[in-house]
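In case you want the letters, here they are:
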Amino acid sequence: MHCLYRNFSKVIVPLFVSSIIILMLGGCKTDNDYSKKIYNKNKQSFQNIAEILNKNKCCTEITTYDPLSFDFDKNYKRHGKLCFENEKSDLNLDETFYKNINDFFKKCALVYIFIPPDENVVIFQTVSKLGEGEEIIYTEDGKEYSDEYTQVKEWLSENWYIGIDL
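Just so you know, these numbers come straight off a predicted model, no measurement behind them. (Residues numbered from 1 in each chain as written. Predicted model: local features only at pLDDT ≥ 70, side-chain atom pairs only at ≥ 80, totals over all residues. Heavy atoms only, no water.)

**Thoughts on the overall build of the chain**
When helices and strands are tallied, the chain shows four helices and eight strands. Start at the N end of the chain and walk to the C end: the helices and strands fall as α-α-α-β-β-β-α-β-β-β-β-β. Burial analysis of the chain (166 residues in total) assigns 34% to the buried set. Long-range pairs, those at least 24 residues apart, make up 45% of the contacts in the chain with a sequence separation of at least 6. Looking at the chain as shown, the accessible area adds up to about 10,600 Å², and 56% of this sits on carbon and sulfur atoms. (Helix = DSSP H or I, 4+ residues; strand = E, 2+ residues; numbered from the N terminus. Buried < 20%, exposed > 50% of the residue type's maximum accessible area, 1.4 Å probe, protein only. Contact = heavy atoms within 4.5 Å. Areas by Shrake-Rupley, 256 points an atom, 1.4 Å probe, with all protein chains shown as cover.)

And the structure:
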């Protein structure tokens, strides 16, 4: 009986471990149109938020991760689960704005919004995926974001495109 258990475990344990690894890697497979689907489902919300952030330039980034532990040279302000970064020491925004941004992050599975102060673009990063970085990018004047590490994957409209990190 002990011998049977030993032989059984020699076969089952590697098979079980292999199955777990295959399932984990299979779970990392991503939908190629994920960002496009998020954008199309929430088009008006993306447009409203992009216009407000691009016009006001009230902050340079909004994120769900906790940069307060790592970026000592930047000025972050936490509001709920989001951190807002700007170069000013005081970031006074309307409570409605905070609520709308927080709801937008949840609804669109965002982890990061970047608002370059010297360009008319707003970059929305969806949930990070293994092996790829995609952003939904708003450009007021229809020009690509100047970051040399971001390339156009697909234009969605005159002012919106999906960008990929190189």
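**Things to note about the packing of aromatic side chains**
This structure, assessed with the given rule, holds 13 aromatic pairs. Relative to Phe124, the ring of Phe46 lies with its centre 5.0 Å away and its plane at 85°, an arrangement referred to as edge-to-face. One end of the pair, Phe46, is in helix α3 (residues 43–56); the other, Phe124, is in strand β5 (residues 121–126), with 78 residues separating them in the sequence. Here Phe46 and Phe124 have matching classes, each one buried. The interplanar angle of 75° and the centroid separation of 5.7 Å between the aromatic rings of Phe104 and Phe124 together place this pair among those described as edge-to-face. On the criterion of sequence distance, the pair formed by Phe104 in helix α4 (residues 95–108) and Phe124 in strand β5 is long-range, its members being 20 residues apart. Judged by its relative accessible area of 3%, Phe104 is buried. An aromatic cluster is defined as three or more aromatic residues linked by ring pairs; in this entry it consists of Tyr39, Phe46, Phe104, Phe124, Tyr138 and Trp160. (Phe/Tyr/Trp six-rings, centres within 6.5 Å; stacked < 30°, edge-to-face > 60°.)

**Comments concerning the sheet that holds strand β4 (residues 110–114)**
The strand order β2-β3-β1-β4-β5-β6-β8-β7 describes an open sheet built from eight strands, whose pairing is antiparallel. Each of the sheet's edge strands pairs with one partner strand only, and the pair in question is β2 (75–79) and β7 (150–155). On average, adjacent strands in this sheet sit at an angle of 25° to one another, irrespective of strand direction. Across four bridges, the pairing between β4 and β5 is antiparallel. Looking across to β5, one finds that Ile113 is bridged to Phe124. Helix α2 (residues 34–41) rests against β5, β6 (134–139), β7 and β8 (160–165) of the sheet, and its axis sits at about 45° to β6. Sheet strands in contact with α4 are β1 (61–63), β2, β3 (82–86), β4 and β5, and its direction is about 125° off that of β4. (Pairing = 2+ DSSP bridges. Axes fitted to C-alpha atoms, helices over the stretch in contact; angles between N-to-C directions.)

Any functional reading would require information beyond the geometric quantities listed.
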